[in-house]
Amino acid sequence: MSKYKILFQLTGSIACFKACALISRLVREGCEVKAACTPSALRFIGQSTLEGLTGRPLYCDMFEAKQSVEHIALSKWADLSIICPATANIMGKMASGIGDDCVSTLFLAHDFSKPCLVAPAMNRNMWKHPATRRSVELLEEYGVEVLPVAEGRQACGDEGEGRMLEPDDIYAYIMAALDGRA
Ligand SMILES: Cc1cc2nc3c(=O)[nH]c(=O)nc-3n(C[C@H](O)[C@H](O)[C@H](O)COP(=O)(O)O)c2cc1C
């Protein structure tokens, strides 16, 4: 029997490559993982990679989904949802109640009796931006666990806060959130 059911959602950041290592670890440890992503995420990572790693179809286009209300079905199926990497854009949409892509719509359908984690990844100025600060506050108010970011050299060459945590650190947060429910 599978350990846990994880709904793993990716958005448009270079950190998508790190998310693949995390998906791989979750599957190796016995979790069932279903992946969903925004169209921007597919500019960073391929559909075949996500389907190969999870062994399941990717959910990206809400209107091409196998089930007409896939966002509700997926939300019911999952023990835990994670948005990893989470862009400044998706956090703003989630905080504002916008549902115009499958990831933001899945969040609107989220059942808060189950954990929702967000692993932000962005440039230091995006992370410090007042709109992002406000998104973090609102998401935490709703009951989302916004994970910390790391400091260091960023893809754009800047140094500062905003790098996504490493896959093994995020794995530990996922397991702690699931253990907290048991
Ligand atoms: C090379 C490149 C890297 C990017 N990396 C990030 C990032 O790490 N974090 C972020 O918030 N936005 C990043 N962006 C901008 C987002 O991809 C952009 O805001 C996009 O509209 C996000 O869409 P989504 O939130 O629907 O996935 C990047 C853009 C490019 C071209």
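Up top is the structure these notes are about.
Each value, and the rule that gives it
- Residues numbered from 1 in each chain as written.
- Predicted model: local features only at pLDDT ≥ 70, side-chain atom pairs only at ≥ 80, totals over all residues.
- Heavy atoms only, no water.
- Near = heavy atom within 4 Å.
- Polar contact = N/O pair within 3.5 Å; in protein donor to acceptor, adjacent residues only side chain to side chain.
- Areas by Shrake-Rupley, 256 points an atom, 1.4 Å probe, with all protein chains shown as cover.
- Helix = DSSP H or I, 4+ residues; strand = E, 2+ residues; numbered from the N terminus.
- Buried < 20%, exposed > 50% of the residue type's maximum accessible area, 1.4 Å probe, protein only.
- Pairing = 2+ DSSP bridges.
- Contact = heavy atoms within 4.5 Å.
- Axes fitted to C-alpha atoms, helices over the stretch in contact; angles between N-to-C directions.
- Phe/Tyr/Trp six-rings, centres within 6.5 Å; stacked < 30°, edge-to-face > 60°.
- Lys NZ or Arg CZ within 6 Å of the ring centre and 35° of its normal.

(A) Quick look at the site of the ligand. Around the ligand, the structure places 14 residues, and the nearest of them are Gly12, Ser13, Thr38, Thr87 and Ala121. The side chain of Thr38 places a nitrogen or oxygen atom 2.7 Å from an oxygen atom of the ligand. One nitrogen or oxygen atom from the side chain of Asn89 is found 2.9 Å from an oxygen atom belonging to the ligand. Contact with the protein chains covers 63% of the free accessible surface of the ligand, which is 640 Å².

(B) Representation of the environment of Arg56 in the model. Take Arg56: it is sitting in the loop between helix H2 (47–54) and helix H3 (70–77). Taking relative accessible area as the criterion, Arg56 reaches 25% and is therefore assigned partly exposed. A distance of 3.0 Å separates the side chain of Arg56 from the side chain of Glu32, its partner in a polar contact.

(C) Spotlight on the sheet that holds strand E3 (residues 80–86). Here five strands make up an open sheet; going across it, the order is E2-E1-E3-E4-E5 and the pairing parallel. Among the strands making up the open sheet, the edge pair consists of strand E2 (32–37) and strand E5 (145–146). Relative to E3, strand E1 (residues 5–10) runs parallel, the two sharing four bridges. Note on E3: the bridge partner recorded for Gln9 is Ile83. Sheet strands touched by helix H1 (residues 16–28): E1, E2 and E3. Its angle to E1, the strand with the most contacts, is close to 170 degrees. Sitting on the sheet, helix H4 (residues 88–96) touches E3, strand E4 (116–120) and E5, and the angle it makes with E3 is about 135 degrees.

(D) Looking closely at the packing of aromatic side chains. Applying the stated criterion across every chain yields a total of one aromatic pair. Arranged with centres 5.9 Å apart and planes meeting at 85 degrees, the rings of Phe107 and Phe112 form a pair that is edge-to-face. Note on Phe107: relative accessible area 8%, which makes it buried. Among the residues examined, Phe112 registers a relative accessible area of 40% and is labelled partly exposed. Above the ring of Trp127, the side-chain terminus of Arg133 is found at 4.4 Å from the ring centroid.

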